[in-house]
Amino acid sequence: NFAENLLRYEGKGDAIVFWGEDKVKGRLAWDVLRADVGGVSRAFAAAGVAPGDRVAGILPNMPESIASMLGAAAIGAVWSSCSPDFGTAGVLDRFGQIAPRVLLVADGYAYGGKRFDVRERAAEVLAGLPSVEHCVLVPYLEPQPALPPRMQAWPDVLAAHGAQDGVGRTSTPMVWREVNTIGEWVSVLHPGSTAARSGKSSRRFFDVMFISAPLFV
């Protein structure tokens, strides 16, 4: 399992070191990341997500993005994501093709020293994706952002599904990537074997993930 392999370490050592453009800093220990991924995967399963179903994220490059991707991978779901600076039409063009059952959105992002609240735009996206059955708001700009209608808070989702460790043993994941050279977005499904080979080779060179880019594409 792809997620299981990436989460092979335990303990209080750094798994992720995060530094946002707006000076938001954070460190996630292996035990915390493993617990978060376990909670996210159980939340997805409780929401009815099955192998092959799609989970989408409108998220900056942040620890919760990684936990969500690994949580989807742990149960064999397909993960797709886009940057939170996308406009409503751009997100709908991208995600409308894959019909995600679960959508994760950040409350905003930082760029060029400015902070951008995207909750109103996220609500528009949610209204335009009838396939979405559950939507989770991930805090970034504020520790406890106000929840728009139909959205659940990330901390509440984790708390509701326990903090115990453990991920599933399903097959390696598949990841949707959308390509736009001219005209409409074209979705391309990447088989998990490619991602698995990448993880297998890269683990020889680093054991801690450093993420600092403000946007996740």
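Residues numbered from 1 in each chain as written. Predicted model: local features only at pLDDT ≥ 70, side-chain atom pairs only at ≥ 80, totals over all residues. Heavy atoms only, no water.

Considering the overall build of the protein chain
Broken down by element type, the protein chain carries 7 helices and 12 strands. Going through the 217 residues of the protein chain one by one, you find that 48% of them count as buried. In the protein chain, once contacts between residues fewer than 6 apart in sequence are set aside, the share between residues at least 24 apart is 72%. Carbon together with sulfur atoms contributes 57% to the accessible area of the protein chain, which is approximately 10,400 Å² in total. (Helix = DSSP H or I, 4+ residues; strand = E, 2+ residues; numbered from the N terminus. Buried < 20%, exposed > 50% of the residue type's maximum accessible area, 1.4 Å probe, protein only. Contact = heavy atoms within 4.5 Å. Areas by Shrake-Rupley, 256 points an atom, 1.4 Å probe, with all protein chains shown as cover.)

Things to note about the nonpolar core
In terms of nonpolar packing, the biggest core is built from 38 residues, with Leu33, Phe44, Val55, Leu70, Leu104 and Trp154 touching the most fellow members. At the level of secondary structure, the elements contributing two or more residues to this core comprise α1 (2-6), β1 (14-19), α2 (30-46), α3 (63-74), β5 (102-106), β8 (134-138) and α6 (154-160). Here the element with the most residues in this core is α3; it accounts for 7 residues. Not counting chain neighbours up to four residues away, the residues in contact with Phe44 comprise Val49, Val55, Ser68, Gly71, Ala72, Ile75, Val102 and Leu104. Core analysis: the second largest hydrophobic core is formed by 17 residues, Ile58, Phe95, Leu126 and Leu137 among them. (Core = buried A, V, L, I, M, F, W, Y, C linked by side-chain atoms within 4.5 Å.)

A closer look at the layout of surface pockets
Volume-wise, the second largest pocket comes out at about 280 Å³. Around the second largest pocket, the lining is made up of 15 residues, and of these Phe18, Met62, Pro63, Glu64 and Pro139 lie nearest the centre. Elements represented by at least two residues in the lining of the second largest pocket include exactly β2 (25-29), α3 and α6. Top element by residues in the lining of the second largest pocket is β2. It accounts for 4 residues. (1 Å grid on protein atoms, 1.4 Å probe; cavity = no way out; pocket = protein on both sides within 12 Å on 5 of 7 lines; lining within 4 Å. Points joined across faces, edges and corners; volume = space filled by probe spheres on them.)

Things to note about empty space enclosed by the protein
For the structure on display, the rule yields 2 cavities of 30 Å³ or more. What lines the largest cavity is Ile58, Pro84, Phe86, Val91, Val105, Val118, Arg121, Ala122 and Val125. A per-element tally of the lining of the largest cavity places helix α5 (residues 119-127) first, with 3 residues. Each residue belonging to the lining of the largest cavity can be placed in one class, and the counts come to 8 nonpolar, no polar and 1 charged. There is about 40 Å³ of room inside the second largest cavity. Val40, Ala43, Phe44, Leu104, Val136, Trp154 and Val157 together form the lining of the second largest cavity. Secondary-structure elements contributing two or more residues to the lining of the second largest cavity are α2 and α6. Here the lining of the second largest cavity takes 3 residues from α2, the largest share from any one element. For the lining of the second largest cavity, the per-class residue count stands at 7 nonpolar, no polar and no charged. (Nonpolar A, V, L, I, M, F, W, Y, C, P; charged D, E, K, R; others polar.)

Describing α3
For α3, with 12 residues, the first-to-last C-alpha span of 16 Å sits near the 16 Å given by 1.5 Å per residue. Of all 12 residues making up α3, 12 are buried, and the element is well covered by its neighbours. Turning to α3, its buried residues number three or more, namely Pro63, Glu64, Ser65, Ile66, Ala67, Ser68, Met69, Leu70, Gly71, Ala72, Ala73 and Ala74. Phi for Gly76, located one or two positions after α3, is positive at around 80°. (Expected span 1.5 Å × (residues − 1).)

Some words on the pattern of salt bridges
Summed over all chains, the structure comprises 6 salt bridges. The shortest N-O distance in the salt bridge between Glu10 and Arg34 comes to 3.7 Å. Note that Glu10 is positioned in the loop between α1 and β1 and Arg34 in helix α2, a separation of 24 residues in sequence. A relative accessible area of 14% means that Arg34 is categorised as buried. With a shortest N-O distance of 3.6 Å, Arg115 and Glu142 are connected by a salt bridge. Of this pair, Arg115 sits in strand β7 (residues 114-117) while Glu142 sits in the loop between β8 and β9 (151-153), and the two are 27 residues apart along the sequence. A relative accessible area of 47% means that Arg115 is categorised as partly exposed. (Salt bridge = Lys/Arg side-chain N within 4 Å of Asp/Glu carboxyl O.)

Side note on the confidence of the model for the protein chain
In this model, the protein chain carries a mean pLDDT of 81, and residues with pLDDT of at least 70 account for 73%. Counted against residues more than four places away or in other chains, residues 211-217, with its pLDDT under 50, gives 33 contacts. (pLDDT = per-residue confidence, 0-100.)

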